[in-house]
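# Coordinate analysis (summary)
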Amino acid sequence: MNAYGGNVMNIKPDPQAARDKAWLDAGLAGLRAEMARLKAPARIERELFTRARLAHLGRAPSPLWRILLQQFFVPAVAIGVVLALFVPFLAGGPLAPDLSGEAELAPQSETPFYALGGTKAELDLSQGVVVATELPRRILLDFGLPIDPGQLGQPIKADVLVGARGEILGVRFTNRTGEVK
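This section reports on the structure supplied with the text.

So, how was this worked out
Residues numbered from 1 in each chain as written. Predicted model: local features only at pLDDT ≥ 70, side-chain atom pairs only at ≥ 80, totals over all residues. Heavy atoms only, no water. Helix = DSSP H or I, 4+ residues; strand = E, 2+ residues; numbered from the N terminus. Buried < 20%, exposed > 50% of the residue type's maximum accessible area, 1.4 Å probe, protein only. Contact = heavy atoms within 4.5 Å. Areas by Shrake-Rupley, 256 points an atom, 1.4 Å probe, with all protein chains shown as cover. Pairing = 2+ DSSP bridges. Salt bridge = Lys/Arg side-chain N within 4 Å of Asp/Glu carboxyl O. Core = buried A, V, L, I, M, F, W, Y, C linked by side-chain atoms within 4.5 Å.

## Looking at the overall build of the protein chain
- The number of helices and strands found in the protein chain is four helices and four strands.
- For the protein chain, the N- to C-terminal ordering of α and β elements is α-α-α-β-β-α-β-β.
- Among the 181 residues that make up the protein chain, the fraction classed as buried is 15%.
- Sequence separation of 24 or more characterises 59% of the internal contacts of the protein chain that already satisfy a separation of 6 or more.
- When the accessible area of the protein chain is evaluated, it comes to approximately 14,700 Å², of which 64% is carbon and sulfur surface.

Quick look at the structure:
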């Protein structure tokens, strides 16, 4: 028994393995001696060394224009393309999206009435009653109006034109201040 409570096994060396190792050691010693005795002919060794050196040195050095092209021009063009594509969006340039919060409507402004239900004619406010309400902001996407993705969950104020029979004739979106009635 050992300190961990397990039985200690005595492992005895295998006599066959010891004989095999001795035989292998003797064979390797003989091969080492034979290799030390053998020498390649001097002319072959010189020829191999010369060919290896010429193969390494025999390549013509690259011209300066190729080195400049590979090391500086190609990476500079790649960086320029990346900057040209992404900087206008990131730095607030003319192509940058307006994420100011109310980008889709200026203060105290409203869109024209959008006709609903297949009517393409100009809507007349005398055709019904205008009802002020709030709608989910994502409805602006259905009308093709720009929207800040960060405000999709917030409501937007709208005026709905309701006809005499209760049908919705049109809708307009507004930024008016004050309570919706």
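After that view of the structure, there is still more to cover.
## Looking at the sheet that holds strand 2 (residues 128-136)
- Spatial ordering of the open sheet is given by 1-4-3-2, a layout of four strands whose pairing is antiparallel. Two strands close off the open sheet at either side, each with one partner strand: strand 1 (114-115) and strand 2.
- Pairing of strand 3 (residues 155-163) with strand 4 (residues 168-174), which is carried by six bridges, proceeds in the antiparallel orientation. Bridge pairing links lysine 157 to threonine 174 in strand 4.

## Re the pairing of strand 4
- Among the seven residues of strand 4, six are classified as buried, and the element is accordingly described as predominantly covered.
- In the sheet, strand 1 pairs with strand 4 via two bridges, with the strands oriented antiparallel. Across the sheet, alanine 115 pairs through a bridge with glycine 170, a residue of strand 4.
- Adjacent in sequence and paired antiparallel, strand 3 and strand 4 are bridged by four residues, among which glycine 166 carries a positive phi angle near 90°.

## A short note on the environment of alanine 164
- Tracing the backbone shows alanine 164 in the loop between strand 3 and strand 4.
- Taking the C-alpha atoms as reference points, alanine 164 and valine 129, 35 residues apart in sequence, are found 7.8 Å from one another.

## So, the pattern of salt bridges
- A complete count under the given rule lists five salt bridges for this structure.
- Aspartate 25 is the salt-bridge partner of lysine 21, the closest N and O atoms lying 3.1 Å from each other. Of this pair, lysine 21 and aspartate 25 both sit in helix 1 (residues 15-37), four residues apart, roughly one helical turn.
- Looking at aspartate 25, the relative accessible area reads 38%, which means it is partly exposed.
- A salt bridge links arginine 51 to glutamate 47; the shortest N-O distance between them is 2.9 Å. Of this pair, arginine 51 and glutamate 47 both sit in helix 2 (residues 42-57), separated by four residues, roughly a single helical turn.
- Taking the relative accessible area as the measure of exposure, glutamate 47 reaches 40% and is therefore partly exposed.

## Describing the nonpolar core
- Counting eight residues, the largest nonpolar core consists of Leu140, Leu145, Ile147, Ile156, Ala158, Val160, Val171 and Phe173.
- Listed by contribution, the elements that provide at least two residues to this core are strand 3 and strand 4.
- Of the residues forming this core, the biggest block, three residues, is contributed by strand 3.

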